[in-house]
Amino acid sequence: MPLSPVFLPLRALSESIRARRISPVELANDFLDRLERLGPRYNAVVTLTRELALAQAQAAEREIAAGCYKGPLHGIPYGAKDLLATAGGIPTTWGAAPFRNRQLDHDATVIRKLREAGAVLVAKLSMVELAGGMGYRQPNASFTGPGINPWDSTRWSGGSSSGSASAVSAGLVPFAIGSETWGSILGPANHCGVTGLRPTFGRVSRFGAMVLSWSLDKIGPLCLTADDCGLVLEAIAGPDASDPSTAERIFQYDPALPGRRFCLGVVAGVSEGTDPAIERNFATALKALDEIADIEEVRLPALPYEEITRTILFGEMASAFEELIESGQIADLTAPEDRVTPYSRFAILAKDYIRALRLRGVVAKEIDQAMRGYDAFLGPSRLTPASRLDEEFRSPIRGAGKDLMGAIGNAAGLPAVSVPNGFTEDGLPTGIQFMGRAYDENLILAAASAYQQATGWHLRHPPDTLP
Amino acid sequence: MAEERRILEESESTFIRLKQLYGDRLSPTMQEELRESVGAVVKTVAALRSVRLENGEAPLAPFTPFRGEE
């Protein structure tokens, strides 16, 4: 019996394609069928890109047969969060009703880079409207409906990269692209039991991506493993003249271990106030990491970390969506709170926004100093497991709940990878994050890979989705 | 105590300004929600203002002069 391609890590999948044991066209058809059949169950898909996918898969098949193999993503299907621009009549909706039929005339740089790497775009995936920047408090905040969790259909998939996480979790795509301003990759990765990488700010071009916050938005992959995230990041990273924030540094993925024990830090009190299952699984993960790492408690200076990140986000969001808010178009958004809360962002004064940027400089220096000598800081990926679809969730963005690592990591633009680290009594996945110094993606991915090899939580998949 | 009163006063005056601008679009329930949301924003920035910064502490936002292709 042939091996199913569903839930195969990218390295295994690409080796099968390179050796021509799997046909890219058959692979694309397999995942298109799964997206069509199972996607609606999770509200994961906005647009199925069947025609484009089959054309790209046929091209990959021809190229590989001709001996022109482009690399590990050649012929691999993927899905993209629907805030990435796509040309060719494929809508780009930003998850928001006012833009549900909007078509753009260009591809985002990430879409172009993946096309050049030979990857096959099979779907635009659902997201929280406008990437959650309007202040949503509950899951029903997208015109495609709330993201439904493949582990439990009464629970939320997380946001704002809802469809990217649920599609990977349910085996609807081998990998997906998401984005994070504050928590939008790590949160859904936690809730859906997948691996999510938030790259260093500037690693990946945002050209063609919806702007929520110019100085906080990052684009990154959601995959089955940390190793997969490294492979995808190498394909999408790099300088881009169309996005002046991109760094000149070239990212080359190196999965080799450092050849010594890892040195990891845990910020004092980082799991305080989290759900008991999150706290317990984090403690268990630290014990497992003890085998491969020296772990030390770290203390950080007292600063209003969350308030700094929140003020930057509010100030930039108010400008990015000024026209939408002023015009009253927000009245057409799905979540009732998204029709009101944006007006309050106009309360941010210029002097307060600039103060937040000055304090961000202090945070960046303090945290870099604190991280010297450590490969990564560890923390729970999220405060809670997936909430119920009909309840409000805790969110540090609106001041309910605490997310020290998220506030620091996003304000300072640091990379972090979230990997599954266990389950709650109700069978919901939880995650642990490895946050590194700027541009240390290889180190955090190596540590996360070592943890995954030692534990195997990433090998579990929602029972209803098994092929 | 004085700080709390200052936050309340600033919240209320900001809310009144926003209500003047956008109140006609919002029902009484929505206006109450806006009042709460404004309160949260003012509390957030008050936490920033409580941190002392040196004059030379610059924003972490590099400005680069632009020169287009010749």
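Rules behind the numbers
- Residues numbered from 1 in each chain as written.
- Chains lettered and ligands numbered in written order.
- Predicted model: local features only at pLDDT ≥ 70, side-chain atom pairs only at ≥ 80, totals over all residues.
- Heavy atoms only, no water.
- Pairing = 2+ DSSP bridges.
- Helix = DSSP H or I, 4+ residues; strand = E, 2+ residues; numbered from the N terminus.
- Right-handed = clockwise from strand over helix to strand, strands pointing away.
- Axes fitted to C-alpha atoms, helices over the stretch in contact; angles between N-to-C directions.
- Parallel < 35°, antiparallel > 145°, perpendicular 65-115°, else oblique.
- Left-handed = near helix turned anticlockwise from the far one by under 90°.
- Contact = heavy atoms within 4.5 Å.
- Nonpolar A, V, L, I, M, F, W, Y, C, P; charged D, E, K, R; others polar.
- Buried area = accessible area lost by both parts, 1.4 Å probe.
- Salt bridge = Lys/Arg side-chain N within 4 Å of Asp/Glu carboxyl O.
- Buried < 20%, exposed > 50% of the residue type's maximum accessible area, 1.4 Å probe, protein only.
- 1 Å grid on protein atoms, 1.4 Å probe; cavity = no way out; pocket = protein on both sides within 12 Å on 5 of 7 lines; lining within 4 Å.
- Points joined across faces, edges and corners; volume = space filled by probe spheres on them.
- Phe/Tyr/Trp six-rings, centres within 6.5 Å; stacked < 30°, edge-to-face > 60°.
- Lys NZ or Arg CZ within 6 Å of the ring centre and 35° of its normal.
- pLDDT = per-residue confidence, 0-100.
- Arc of directions from axis to C-beta.

Student: Describe the pairing of strand β10 (residues 293–298) of chain A, and please don't skip the residues or the numbers.
Tutor: Residue and element names in this part refer to chain A. Here six bridges tie strand β9 (residues 262–267) to β10, and the two strands are oriented parallel to one another. Pairing of Val266 across the sheet is with Glu297, part of β10. Since β9 and β10 lie parallel, the crossover through helix α8 (residues 276–289) that links them has a hand, and here it is right-handed.

Student: With reference to specific residues and values, describe the packing of helix α2 (residues 24–38) of chain A against helix α3 (residues 50–65) of chain A.
Tutor: Residues and elements named next belong to chain A. It is the contact of α2 with α3, at a shortest axis distance of 8 Å, that shows an interaxial angle of 160°. Looking at the two axes, α2 sits roughly antiparallel to α3. The two elements α2 and α3 cross, and the hand of that crossing is right-handed. Contact residues: α2 offers Pro24, Val25, Ala28, Asn29, Leu32, Asp33 and Glu36, while α3 offers Arg50, Ala53, Leu54, Ala57, Gln58, Ala60, Glu61 and Ile64. Taken together, the residues that form the contact of α2 with α3 break down as nine nonpolar, two polar and four charged.

Student: Which residues make up the interface of chain A and chain B, and what values do they have?
Tutor: At the interface, 36 residues of chain A touch 26 residues of chain B. It is A:Val340, A:Tyr343 and A:Arg358 that lose the most area in chain A upon contact with chain B, and together they represent 25% of the buried surface on that side. If you look at where chain A meets chain B, you find three salt bridges. Among the ionic pairs, B:Arg49 bridges to A:Asp352, the shortest N-O distance being 2.5 Å.

Student: Report on the environment of A:Gly178, specifying residues and quantitative values.
Tutor: All names here are of chain A. Inspection of the secondary structure puts Gly178 in strand β6 (residues 175–180). Distance from Gly178 to Ala97, taken between C-alpha atoms, is 20 Å for residues 81 residues apart in sequence. Once you skip the residues sitting within four places of it in the chain, Gly178 turns out to touch Lys81, Ser161, Ser164, Ile185, Lys218, Ile219, Gly220 and Leu222.

Student: Could you give an account of the pairing of strand β2 (residues 77–81) of chain A, naming the residues involved and the relevant values?
Tutor: Residue and element names in this part refer to chain A. The buried fraction of β2 amounts to five of the five residues, a majority that puts the element mostly inside the structure. As defined by bridge partners, β2 adjoins strand β3 (residues 120–125) across five bridges and the pair is classed as parallel. By the bridge assignment for β3, Tyr78 is matched with Leu121. The β-α-β motif built from β2, the intervening helix α4 (residues 109–116) and the parallel element β3 has right-handed crossover chirality. As defined by bridge partners, β2 adjoins β6 across three bridges and the pair is classed as parallel. Paired with Gly79 across the bridge in β6 is Ala176.

Student: Residues and numbers for empty space enclosed by the protein, please.
Tutor: All names here are of chain A. For the coordinates displayed, the defined rule picks out six cavities of 30 Å³ or more. There is about 200 Å³ of room inside the largest cavity. Forming the boundary of the largest cavity are 20 residues, of which Gly132, Tyr136, Trp182, Ser395 and Ile397 lie nearest the centre. The residue makeup of the lining of the largest cavity, split by class, is nine nonpolar, eight polar and three charged. If you add up the space inside the second largest cavity, you get close to 140 Å³. Around the second largest cavity sit 14 residues that line it, and Val270, Pro380, Leu383, Lys402 and Asp403 are the ones nearest its centre. Those elements that provide at least two residues to the lining of the second largest cavity are β11 (376–380) and α13 (404–411). Among the residues making up the lining of the second largest cavity, the classes are represented as six nonpolar, four polar and four charged.

Student: Explain the packing of aromatic side chains to me, using residue names and the numbers behind them.
Tutor: All names here are of chain A. Across all of its chains, the model carries 12 aromatic pairs over all chains by this definition. Taking NZ or CZ as reference, Arg249 lies 4.0 Å from the ring centre of Tyr439, over its face. Sitting over the ring of Phe314, Arg345 keeps its end group 3.7 Å from the ring centre.

Student: Can you break down unusual backbone geometry residue by residue, with the values?
Tutor: Residue and element names in this part refer to chain A. For the peptide bond that leads from Gly159 to Ser160, omega is 10°, which places it in the cis range. Positionally, Ser160 belongs in the loop between β5 (152–156) and α5 (162–169). Its identity as a non-glycine residue notwithstanding, Arg20 has a phi of 60°, on the positive side. Here Trp94, not a glycine, exhibits a phi torsion of approximately 55°, which is positive.

Student: Give me the lowdown on the confidence of the model for chain B, citing residues and values where you can.
Tutor: The share of residues in chain B with pLDDT of 70 or more is 100%, and the mean pLDDT across the chain is 92. Of the two predicted TM-score estimates for the complex, the pTM is 0.97 and the ipTM is 0.93.

Student: Lay out helix α1 (residues 10–18) of chain A with the relevant residues and their values.
Tutor: In an α-helix, one turn spans 3.6 residues; hence positions three or four apart end up facing the same way. All names here are of chain A. Buried within α1 are the following residues: Leu10, Leu13, Ser14, Ser16 and Ile17. Considered in projection along α1, the buried side chains sweep an arc of 155° and stay on one side of the axis. Buried residues along α1 sit in contact with α2, α3, β6 and α7 (226–236). Arg20 lies just past α1 and shows a positive phi near 60°.

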